[in-house]
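Listed below, chain by chain, are the residues.
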Amino acid sequence: MFYIILMLIVLAIICIPLIFWFPPCKKIDSLSKLHIVITGGSSGIGKALAMEAVKRQADVSLLARNKTKLENARKEVEEYKILENQEINTFCADVTDYNQLSNVLSEVGSVDILINCAGMAKAELFEDNLSTYKQLMDLNYFGSVNATFSLLPKMKAKRFGHIVFVSSMAGQLGIFGYAGYSASKFALRGLAETLLMEVRPYGIGVSVAFPPDTETPGFKEENKDKVIYETTGILFDIASVQEIFLLCLLFVARRNSVSQCLCWSFFTLDCR
Ligand SMILES: NC(=O)c1ccc[n+]([C@@H]2O[C@H](COP(=O)([O-])OP(=O)(O)OC[C@H]3O[C@@H](n4cnc5c(N)ncnc54)[C@H](OP(=O)(O)O)[C@@H]3O)[C@@H](O)[C@H]2O)c1
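Cut-offs and rules
- Residue numbers restart at each chain and count upward from 1, following the sequence in its written direction.
- Where local features are concerned, this predicted model is filtered to residues with pLDDT of at least 70; where side-chain atom pairs are given and counted, the filter is 80 or more; whole-chain, interface and lining totals use all residues.
- Strands here mean DSSP runs of E at least two residues long; helices mean DSSP runs of H or I at least four residues long; both are numbered from the N terminus.
- Here a residue counts as buried when 20 or more other C-beta atoms fall within 10 Å of its C-beta, as exposed when 12 or fewer do, and as partly exposed in between; the C-beta atoms come from the backbone.
- Here the contact rule is simple: place C-beta atoms from the backbone, and any two residues whose C-beta atoms are within 7 Å are in contact.
- A set of buried Ala, Val, Leu, Ile, Met, Phe, Trp, Tyr and Cys residues, joined to one another through C-beta atoms within 7 Å, is what we call a nonpolar core.
- To estimate how far a helix should reach, multiply one less than its number of residues by 1.5 Å.
- The quantity called bend is, for any residue, the angle between two axes fitted respectively to the seven residues ending at it and the seven beginning at it.
- As used in this record, a residue near a molecule or strand is one whose C-beta atom, placed from the backbone, is within 6 Å of it.
- In this count, Pro and Cys sit with the nonpolar residues alongside Ala, Val, Leu, Ile, Met, Phe, Trp and Tyr, while Asp, Glu, Lys and Arg are called charged and the others, Gly among them, polar.
- Only the stretch in contact is used when fitting a helix axis, every axis being a line fitted to C-alpha atoms; angles between N-to-C directions are given from 0 to 180 degrees.
- An angle counts as roughly parallel when it lies under 35 degrees, as roughly antiparallel when it exceeds 145, as roughly perpendicular when it falls between 65 and 115, and as oblique in every other case.
- Should the near helix be turned anticlockwise from the far one by less than a right angle, the crossing is left-handed, and should it be turned clockwise, the crossing is right-handed.
- Any two strands with at least two DSSP-identified bridges between them are counted as paired.
- If you view a crossover with the strands going away from you and the path from the first strand over the helix to the second runs clockwise, you call it right-handed.
- Confidence per residue, as judged by the predictor, is encoded in pLDDT with a range of 0 to 100.

Turning our attention to the overall build of the chain. Counting its regular elements, the chain contains nine helices and eight strands. Here the chain holds 272 residues, and the buried ones make up 39% of them. Long-range contacts, defined here as pairs at least 24 residues apart, represent 73% of the contacts in the chain between residues at least 6 apart.

Encoded structure:
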């Protein structure tokens, strides 16, 4: 009995300071007046996320390369404003160019949530095109690393923030014809799980969303030359962009582990 009590005392002496050193992340109950930066915010999933966030009274900054598309998206997103003083801004940059991106992001001010959504898919067989591997890794993986690298110091300084990586179902399991794409999306999961260990002491959470096929301009483009599509059949039901918001919103509930949200059309299968 004496030894058990002694062990408990020793455990308490070790654990109590750790709790203060690594405080649990503060739960985000509301997006109201939080500032959300969305890369790839001018189209598809990124734009839909912006609309849903604005409906929840967040300030939103959209980032992408094409100025005209950004301006059109800004006007569409603005329609959903709830408060007069809600801000919707646009920033023009290529996420694959770290210097350009970090210069632009230095102008965005304080950031609460970063959603790394800029990305693309290409369906090709392994031997089709060596350059595709680099192209997809540069955009889907390094684009997310670049944006996170640029904004993390601001979040650490205020000891609050959340980073979302938009992966794909192809980031959970290999899908025929998606060697380059799958690899770039698997990489995000490894990045997120490791990053959380470093940033959690600063009150910063990390999530990864794994959307299924979703009706977007990017998906339409992907399907144009998807020969494999005909031979393998459609694996998943196609989701609407609105359903995908659920994936990225679920992070709000759990911030002490990387929340991984896998959505199969209407159903959220896994969120831990
Ligand atoms: N749709 C799906 O079925 C599906 C499924 C699973 C995962 N996802 C993932 O979800 C994300 C969004 O996909 P989506 O279908 O919504 O695509 P989308 O409609 O093509 O939108 C892509 C967005 O990313 C921006 N973008 C592309 N390259 C960029 C770059 N180098 N720098 C900055 N911005 C860039 C685009 O604007 P600019 O071209 O003007 O830069 C656009 O705003 C991607 O990461 C994709 O892999 C999509």
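We are not done yet, so read on.
What follows deals with the nonpolar core. Among the nonpolar cores identified, the biggest contains 49 residues, and I36, I38, V60, L114 and I115 are the most heavily contacted of them. Ignoring sequence-local partners within four residues, the contact set of I36 consists of A53, A58, V60, D112, I113 and I115.

Moving on, we come to helix α5 (residues 130-158). Spanning 29 residues, α5 covers 42 Å between terminal C-alpha atoms, matching the ideal 42 Å at 1.5 Å per step. Remark: the principal bend of α5, roughly 40°, maps to F142. The inward-facing, buried residues of α5 contact β1 (35-39), α4 (98-105), β4 (113-116), β5 (161-166), α6 (179-199) and β6 (204-210). Remark: R159 follows α5 within two positions and exhibits a positive phi of approximately 55°.

Once that is clear, we can look at the site of the ligand. Close contacts around the ligand come from 31 residues, with G40, G44, N66, G119 and G218 the closest. The class makeup of the residues in the shell around the ligand is twelve nonpolar, 15 polar and four charged.

This part covers the environment of V37. Secondary-structure assignment places V37 in strand β1. Taking the C-beta count within 10 Å as the criterion, V37 has 25 such neighbours and is therefore assigned buried. Separated by 74 residues in the primary sequence, V37 and V111 place their C-alpha atoms 7.0 Å from one another. Residues in contact with V37, not counting those within four places in the same chain, are S61, L63, V108, V111, L114 and L151.

Our focus in this paragraph is the packing of α5 against α6. Following both chains from N to C, one finds α5 and α6 inclined at 25°, their axes separated by 8 Å at the closest point. Considering the angle they form, α5 stands roughly parallel to α6. Judged by the sense of rotation from one axis to the other, the crossing of α5 with α6 is right-handed. For the pair formed by α5 and α6, the contact residues are T132, Y133, L136, M137, N140, Y141, S144 and V145 on the first element and G180, Y181, S184, K185, A187, L188 and L191 on the second. Among the residues making up the contact of α5 with α6, the classes are represented as nine nonpolar, five polar and one charged.

By the element assignment, A64 lies in strand β2 (residues 59-64). Remark: the alpha-carbon pair of A64 and V95, spanning 31 residues in sequence, is separated by 7.8 Å.

The pairing of β2 with strand β3 (residues 88-92) spans five bridges and is classified as parallel. When the sheet's bridge partners are listed, A64 is paired in β3 with C92. In terms of handedness, the path from β2 via helix α3 (residues 67-78) over to β3 forms a crossover that is right-handed.

Bringing the environment of G46 into the picture now. Summarising the element assignment, G46 is placed in helix α2 (residues 44-55). Sequence separation between G46 and C117 is 71 residues; the distance between their C-alpha atoms is 5.9 Å.

Quick look at the confidence of the model for the chain now. On average, residues of the chain score 85 in pLDDT, and 79% of them reach the 70 mark or higher. Within the model, the stretch residues 229-236 combines pLDDT values under 50 with ten contacts to residues more than four positions away or in other chains. Low pLDDT, under 50, characterises residues 263-272; the stretch is placed with 30 contacts to residues that sit more than four places away or in other chains.

Among the five residues in β1, four count as buried, and that is most of the element. When β1 meets β2, the two strands line up parallel, connected through five bridges. Following the sheet pairing, I38 is matched in β2 by L62. The β-α-β motif built from β1, the intervening α2 and the parallel element β2 has right-handed crossover chirality. Examined bridge by bridge, β1 and β4 share four bridges and lie parallel to one another. Looking at β4, one finds that I38 is bridged to I115.

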